[in-house]
Amino acid sequence: MSRRPDGSAPRISLPPLGPLTPRERREHLLEACHTLGFAHAGICEARVLAPEREAALRCWLTSGQAGEMSYLTERVEEMLDPSSVLEGARFVICVADRYHGSRDRHSAGGSSRGRIARYARGRDYHDVLRRRLKLLAAAVQESVPESPTRAVVDTAPLMEREHAIRAGLGAIGKNTLLIKQGEGSWLLLGEVLTTLELEPDPEPGSSPSGGSLDPCGSCTRCIDACPTDAITPFSVDATRCLSYTTIEHRGTIDRSLHRATGDWLFGCDVCQEVCPHNQPTRRSKRLPVLEAYTPRRDGFDLLDVLNWTETDRREAFITSSMKRAKLEMFRRNAVICAGNALQSEDGPQLLERLRKISADPEESELVRRTACDVLEGLDAPDPV
């Protein structure tokens, strides 16, 4: 079956699954996943989170490391049990797409451009994954009408990585990302939950991460390289992680994190860039990536972003997962990146724009206050 450039595929059909054995059903479903273009697929039981993993999750939440992501605390009970996503769920079909993890051609800190995380450089993965997951779910539902199914990406209260581990898709690294042995962590996850009886993948062994064999051993490269010291073994303090501060955090970013932000305008890939599993190999270079994930851009000109209107933001983020970032948040990030660029190179236009923003009473309070903080850090005169 030929796949379309947007990552979708023609409607698939399955044989009547009802009369088949769980193993035969499994074979047909995994073949359908392959046909739909998923890089990896596996099946696991839809079990509640193991007690030790639940304890770790609750400890992380109560310690405040989730920051402003209050929805995690509010929905923690739902996250523990897959039946909250689909009543009576018995099995989870876990899939993964690969995206491009090629190295950037420029280094952080010395450019008037702001970088965006690699997962956001192509089409919105939510849409690319969801289209095909819904095709799979619909095919199962049509084949066995009495067995409800539900397709989800990362917006439902489901512990995706926990299920992906048990489905054999990889192991959790010290940076908390799913790592596929020999391929790395440039992966996007999705699931189909079903009440249909299936044969699951063999469960992996145990490790400090709570999943399969520890993929990291004594390596601490991600911990050492994290610009904000957000990583401890198998845990990340979201309040210090640039993927949180530049994407999830709605208020001002702590000044102590400004310099560490470098030129990361949206997200951060540092822990993945340094991971030995992500270093290019002959095998990884040959691994297929859907055309939909082909990078359309790796960043934005900071001066342009500082002058954006809401219309500019919408046009720039069409079909992109970056559209979740509000205009003032994105411009806040650009102000910080601009300040870092001015630390290492002359940028009269950038500096002048920051001064105007800091003195403009009509400017967003978030962006104006950030500009004042950045200018103070540059020892530039504060015009306010």
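Everything below is about the structure shown above.
Along every chain, residues carry numbers that run from 1 in the direction the sequence is written. The model is predicted, so local features are restricted to residues of pLDDT at least 70 and side-chain atom pairs to those at 80 or more, both for listing and for counting; the totals for chains, interfaces and linings are taken over all residues. Side-chain metrics in this entry use all non-hydrogen atoms of the structure; hydrogen atoms and water are not considered.

### Brief notes about the sheet that holds strand β10 (residues 264–266)
Part 1 of the reasoning: The strand order β10-β3-β11 describes an open sheet built from 3 strands, whose pairing is mixed. The open sheet has two free edges, formed respectively by β10 and β11 (299–301), since each of these has just one partner strand. The average angle at which neighbouring strand axes cross in this sheet is 40 degrees, direction not considered.
Part 2 of the reasoning: Paired strands are those between which DSSP finds at least two bridges. A run of H or I in DSSP counts as a helix once it spans at least four residues, and a run of E counts as a strand once it spans at least two, with each numbered from the N terminus. Sheet topology note: the strand β3 (residues 113–116)/β10 ladder contains 2 bridges and is parallel. If you follow Ile 116 over to β10, its bridge partner there is Phe 266.
Part 3 of the reasoning: Should any heavy atoms of two residues lie within 4.5 Å, those residues are counted as being in contact. Convention adopted: a line fitted to C-alpha atoms gives each axis, helices being fitted over their contacting stretch, and angles between N-to-C directions are expressed from 0 to 180 degrees. In the packing of helix α14 (residues 327–344) onto the sheet, contacts are made with β10 and β11, and the angle to β10 comes to roughly 175 degrees.

### Comments concerning helix α5 (residues 125–143)
Since the α-helix advances by 3.6 residues per turn, residues separated by three or four positions end up pointing in the same direction.
Part 1 of the reasoning: Expected helix span is taken as 1.5 Å per residue step, with the number of steps being one fewer than the number of residues. Along its 19 residues, α5 runs 27 Å from first to last C-alpha, staying within 8% of the 27 Å computed at 1.5 Å per residue.
Part 2 of the reasoning: For every residue, the accessible area obtained with a 1.4 Å probe (protein chains only) is divided by the maximum for its type, and the residue is called buried under 20%, exposed over 50%, and partly exposed between those limits. Every buried residue of α5 is accounted for by Tyr 125, His 126, Val 128, Leu 129, Arg 132, Leu 133, Leu 135, Leu 136, Ala 137, Ala 139, Val 140 and Ser 143.
Part 3 of the reasoning: Residues of α5 that are buried sit in contact with α1 (22–35), β2 (91–98), β4 (149–152) and β7 (187–194).

### What to know about the layout of surface pockets
Part 1 of the reasoning: Considering only enclosed or pocket space, the second largest pocket measures out at about 380 Å³ in volume.
Part 2 of the reasoning: With a 1 Å grid laid over protein atoms only, a set of points is called a cavity when a 1.4 Å probe fits there but cannot get out and a pocket when it is open yet has protein on both sides within 12 Å along at least five of seven lines; lining residues have an atom within 4 Å of a point. Surrounding the second largest pocket, 19 residues form its lining, Arg 98, Gly 101, Ser 102, Trp 186 and Pro 280 being those nearest its centre.
Part 3 of the reasoning: For the lining of the second largest pocket, the secondary structure elements donating two or more residues are α10 (270–273) and α11 (282–286).
Part 4 of the reasoning: Across the lining of the second largest pocket, the residue classes tally to 5 nonpolar, 8 polar and 6 charged. Grid points are joined across faces, edges and corners, and a volume is the space filled by probe spheres set on the points. In the scheme used here, Gly and all other residues not listed as nonpolar or charged are polar, with Ala, Val, Leu, Ile, Met, Phe, Trp, Tyr, Cys and Pro taken as nonpolar and Asp, Glu, Lys and Arg as charged.

### Brief notes about the side chain of Asp 124
Part 1 of the reasoning: The topology assignment puts Asp 124 in the loop between β3 and α5.
Part 2 of the reasoning: Two N or O atoms count as a polar contact when they lie within 3.5 Å, although within protein this holds only if one can serve as hydrogen donor and the other as acceptor, and sequence-adjacent residues are included solely when both atoms are side-chain atoms. Reaching out from Asp 124, the side chain makes a polar contact with the side chain of His 126 at a distance of 2.7 Å.
Part 3 of the reasoning: For Asp 124, the residues in contact, after removing those within four places along its chain, are Thr 319, Ser 320, Ser 321 and Lys 323.

### Digging into the environment of Asp 269
Part 1 of the reasoning: Mapping Asp 269 onto the fold places it in the loop between β10 and α10.
Part 2 of the reasoning: Taking the C-alpha atoms as reference points, Asp 269 and Met 159, 110 residues apart in sequence, are found 22 Å from one another.
Part 3 of the reasoning: For Asp 269, the contacting residues outside a window of four places in its chain are Ala 117, Arg 118, Trp 186 and Trp 264.

### Remarks on the side chain of Glu 160
Part 1 of the reasoning: Mapped onto the secondary structure, Glu 160 falls in helix α6 (residues 160–166).
Part 2 of the reasoning: No salt bridge is formed by the buried Glu 160, whose closest oppositely charged neighbour, Arg 161, lies at an N-O distance of 6.8 Å.
Part 3 of the reasoning: Those residues in contact with Glu 160, other than ones at most four positions away along the chain, are Val 153, Asp 154, Leu 189, Gly 190 and Glu 191. Here Asp and Glu are counted as negative and Lys and Arg as positive; His is not counted, and neither are the chain ends. The term salt bridge refers to a pairing of a side-chain nitrogen on Lys or Arg with a carboxyl oxygen on Asp or Glu at a separation within 4 Å.

### Notes on the pairing of β7
Part 1 of the reasoning: Taking burial as the measure, the 8 residues of β7 include 8 buried ones, the bulk of the element.
Part 2 of the reasoning: Residues Leu 187, Leu 189, Glu 191 and Leu 193 line one face of β7 and the alternating positions Leu 188, Gly 190, Val 192 and Thr 194 line the opposite face, and both faces are buried.
Part 3 of the reasoning: Bridge count between β2 and β7: 8 bridges; the pairing is antiparallel. Across the sheet, Ile 93 pairs through a bridge with Val 192, a residue of β7.
Part 4 of the reasoning: Sheet analysis places β4 next to β7, joined by 4 bridges and oriented antiparallel. Looking at β7, one finds that Arg 150 is bridged to Leu 193.

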